[in-house]
Amino acid sequence: YRSWCDHCRAGKARLAPHLSEPADRERLGVTVSCDYVFMGAEEADEDMQPSLVIFDDDKGAFWAIGTRTKTVTEQLVKYFKDILDQSGYIGEKMTMKCDQEPSVVALKRAVAAARTGETVPIESPVRASQSNGRMEGAIGIWQGQVRTIKHYTEAMIKRRIEIDGVLFSWLVPFCTEIMN
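About the thresholds
Residues numbered from 1 in each chain as written. Predicted model: local features only at pLDDT ≥ 70, side-chain atom pairs only at ≥ 80, totals over all residues. Heavy atoms only, no water. Pairing = 2+ DSSP bridges. Helix = DSSP H or I, 4+ residues; strand = E, 2+ residues; numbered from the N terminus. Axes fitted to C-alpha atoms, helices over the stretch in contact; angles between N-to-C directions. Patch = residues over 30% accessible without salt bridge, like charges linked within 9 Å, V, L, I, M, F, W, Y side chains within 5 Å. Areas by Shrake-Rupley, 256 points an atom, 1.4 Å probe, with all protein chains shown as cover. Salt bridge = Lys/Arg side-chain N within 4 Å of Asp/Glu carboxyl O.

Topic: the sheet that holds strand E4 (residues 51–56)
Taken in spatial order, the 5 strands make up an open sheet running E5-E4-E3-E6-E7, and their pairing is mixed. The sheet is open, and its two edges are formed by strand E5 (61–66) and strand E7 (119–123), each paired on a single side. On average, adjacent strands in this sheet sit at an angle of 20° to one another, irrespective of strand direction. Where strand E6 (residues 94–98) meets E7, 5 bridges bridge the pair, whose relative direction is parallel.

Points about the pairing of E5
Sheet analysis places E4 next to E5, joined by 6 bridges and oriented antiparallel. Looking at the pairing, Ser-51 lines up with Gly-66 of E5. Count of turn residues in the E4/E5 antiparallel hairpin: 4 residues, of which Gly-60 carries a positive phi of about 70°.

Structural notes on a nonpolar patch on the surface
On the surface, Tyr-152, Met-156, Ile-157, Leu-167 and Trp-170 cluster together into a nonpolar patch covering about 540 Å² of accessible area. If you list the elements that add at least two residues to the nonpolar patch, you get helix H4 (133–157) and helix H5 (166–179). The greatest single-element share of the nonpolar patch, amounting to 3 residues, is contributed by H4. Considering the arrangement of structural elements, one finds Leu-167 in helix H5.

Encoded structure:
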């Protein structure tokens, strides 16, 4: 159920009309999405290190961290939980959204168990990237930022930054910080 936003209803929209959630619709709290990401399809081989990207729909904020594997670790759960706590969500009701990849579902469950607030898990349907569109868009923006700064830095230092190197592991969270 969706309704036209006030801007469109007033006839002020010059581009294609857009839809918004009605104000009286009950929210499930804040929605935070997460996914593991590689910088490109050609880079997603078994030797590559994934990055965990977290997106807060409410604040439009990003966080990312490079990981060695997609395995759930105590440090990764603590990082994710600390991000939520520092964002002011201690004890808040929250919806955590991800795709159905087993590693990210396991991480989401571990973070939900570590939180003090109620956490509602949602998995996007298989082969339905539109259902997690905000997260997919956030990943695209983050990847573009990483590529831009990586390319610029490589031009300045006249050396290639290896995707599994130390400088790249710094670049992953740095790009989210400058976007926030």
